[in-house]
Amino acid sequence: MTIALSTMYAQQKRFDNGAGFARYAADAGYDAIEVSHSTTPEKLREILDSGILPVTSVHQPAPLVEVEGGKSNHDLNLASTKRSEHARALRHALRSIEWAAEAGASALVVHLGEVEGSFSGTTAELYRLFRQHGIRDNRAAEARAEMEHRRAEAAPANLEAARESLEQLVEAARPHGIVIGIENRLDFHQIPLPAESIALMEGFAPDEVGHWHDTGHAEVLDRLGFLPHTAWFDGLGDRLAGAHVHDVRGVVDHRAPGTAQLDWEMVAGGLASLDAITLEIDQRETDDDVRAAPAFLRSVGLG
C-alpha cells in the first residue's frame, strides 16, 4: 500500500520550501505526497519541480489563495445557493484539477460544500458537552435533534448546487483520468452524509467519483452521537477512492496514527480494498510520531 504524507504537516517554518518538505517525507519513509488546501502556489510548485516524491492526490481547493472579502478560497462553498459564491468556488476547484493533471495525480479530494445556515452555536455546545461527559444526556440529544431537523429542511437546495458542482468537476477531470473523491466532513451540517453521498454519485462510474474516507471526521461525528463511524463503510465501502488517515484524541482529530484512541482494527477492515492512503497529520504533531506512523499502520494491516 502506498502511504502519502499530506502537506498539512508542511505548514511550519522549517518547510517554507516545498522541496525541503518532499525530502523530509521521503526520509521519513513515505512513498508520496498529497497537496493540501493549505498549500501556497509557491510551495506546490517547489514540490512538483523537486521531483523527489510523486504527488498522488490534490486536495481541492489547492493551492491556497486569498479571495474577495478577506477570505481564502477554502472558505468558499461548492454547495452555495448564492450564484456568485458558487461560481467562485467552482472556479477554484477547476483550477485544482489543472494542478492535479500537471502533477500526474490520480485523485482530487473534494469538500463538496455545506448546508447554509447558522449551526456553529449548537456544534460548539456539543463539543462542550463532550468535554463535560454529557454527550449522551438529554440536552445533547435535544441539540442533535435540533441540528438534524434544521439541516434536513435546508439541505435540498444545497445538495442540488453540490450536484451541479460535481458534474462540472467530473467533466473537467475525466480527460485526465482523475477520480473525484468526495470527502466526509467534520461538521454535521457539511455535505455529505452517507445517504447523500450515495445519491450524489448516482450516474457516475467508480473511476469518476468515489468516497474519500476521513477517519478523524467520521470518528468525531460518531463520538458526538450523530452516526456510527462504520456507517460510511456500510454504505460506501464499494465506492472507496481513497482515505485521509489520522488518529483522534477525544474529539480532536489529525493526530499521528498510533498516538490516540481510534479503533484501528475497524479502520483497517474498512479500508482494506485501498492500495493507497494519505496521512493527514497536524503540523504540531511531533517529528518522532510522524516518522513512526507508517510502521504503526503496517502493524495494524494498513500498508
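Here the structure is shown first, and the text comes after it.
Counting 89 residues, the largest nonpolar core has Tyr30, Ile180 and Leu279 as its most contacted members. Considering each element in turn, this core owes the most residues, 10 residues, to helix α5 (residues 138–173). Apart from the residues lying within four places of it in its own chain, the contact partners of tyrosine 30 are Ile3, Ala4, Leu5, Ala25, Leu53, Leu279, Ile281, Val290, Ala293 and Pro294.

Under the counting rule described, the total for this entry stands at 6 aromatic pairs. Arranged with centres 6.3 Å apart and planes meeting at 50°, the rings of tyrosine 9 and phenylalanine 15 form a pair that is tilted. Take tyrosine 9: its relative accessible area is 1%, and that puts it in the buried class. Three or more aromatic residues link up through ring pairs in this structure, and these residues are Tyr9, Phe15, Phe21 and Tyr24. Above the face of the phenylalanine 119 ring, arginine 150 is positioned so that its terminal group lies 4.6 Å from the ring centre. Just above the ring of phenylalanine 188 sits the side chain of arginine 151; from NZ or CZ to the centre is 5.5 Å.

Here glutamine 60 and proline 61 are connected by a cis peptide whose omega angle stands at 5°. Mapped onto the elements, proline 61 comes out in the loop between β3 (55–59) and β4 (66–67). Residue proline 192 is reached from isoleucine 191 by a cis peptide bond, and omega for that bond is 10°. Tracing the backbone through its elements, the reader meets proline 192 in the loop between β7 (179–183) and α6 (194–201). Positive phi values are uncommon outside glycine, yet histidine 133 reaches one of about 65°. Locating histidine 133 in the fold gives a position in the loop between α4 (120–131) and α5. Relative accessible area serves as the criterion here: at 76%, histidine 133 is assigned to the exposed category. Phi angles above zero are rare outside glycine, and histidine 254 is one such case at about 65°. With a relative accessible area of 12%, histidine 254 lands in the buried category.

Counting through the fold element by element, arginine 88 comes out in helix α3 (residues 83–103). For arginine 88, a relative accessible area of 19% translates into the label buried. Side chain to side chain, arginine 88 and glutamate 68 meet in a polar contact 3.0 Å long. Dropping the residues within four chain positions of it, arginine 88 is found in contact with Val67, Glu68 and Leu76.

The rules behind these values
- Residues numbered from 1 in each chain as written.
- Predicted model: local features only at pLDDT ≥ 70, side-chain atom pairs only at ≥ 80, totals over all residues.
- Heavy atoms only, no water.
- Core = buried A, V, L, I, M, F, W, Y, C linked by side-chain atoms within 4.5 Å.
- Buried < 20%, exposed > 50% of the residue type's maximum accessible area, 1.4 Å probe, protein only.
- Helix = DSSP H or I, 4+ residues; strand = E, 2+ residues; numbered from the N terminus.
- Contact = heavy atoms within 4.5 Å.
- Phe/Tyr/Trp six-rings, centres within 6.5 Å; stacked < 30°, edge-to-face > 60°.
- Lys NZ or Arg CZ within 6 Å of the ring centre and 35° of its normal.
- Polar contact = N/O pair within 3.5 Å; in protein donor to acceptor, adjacent residues only side chain to side chain.

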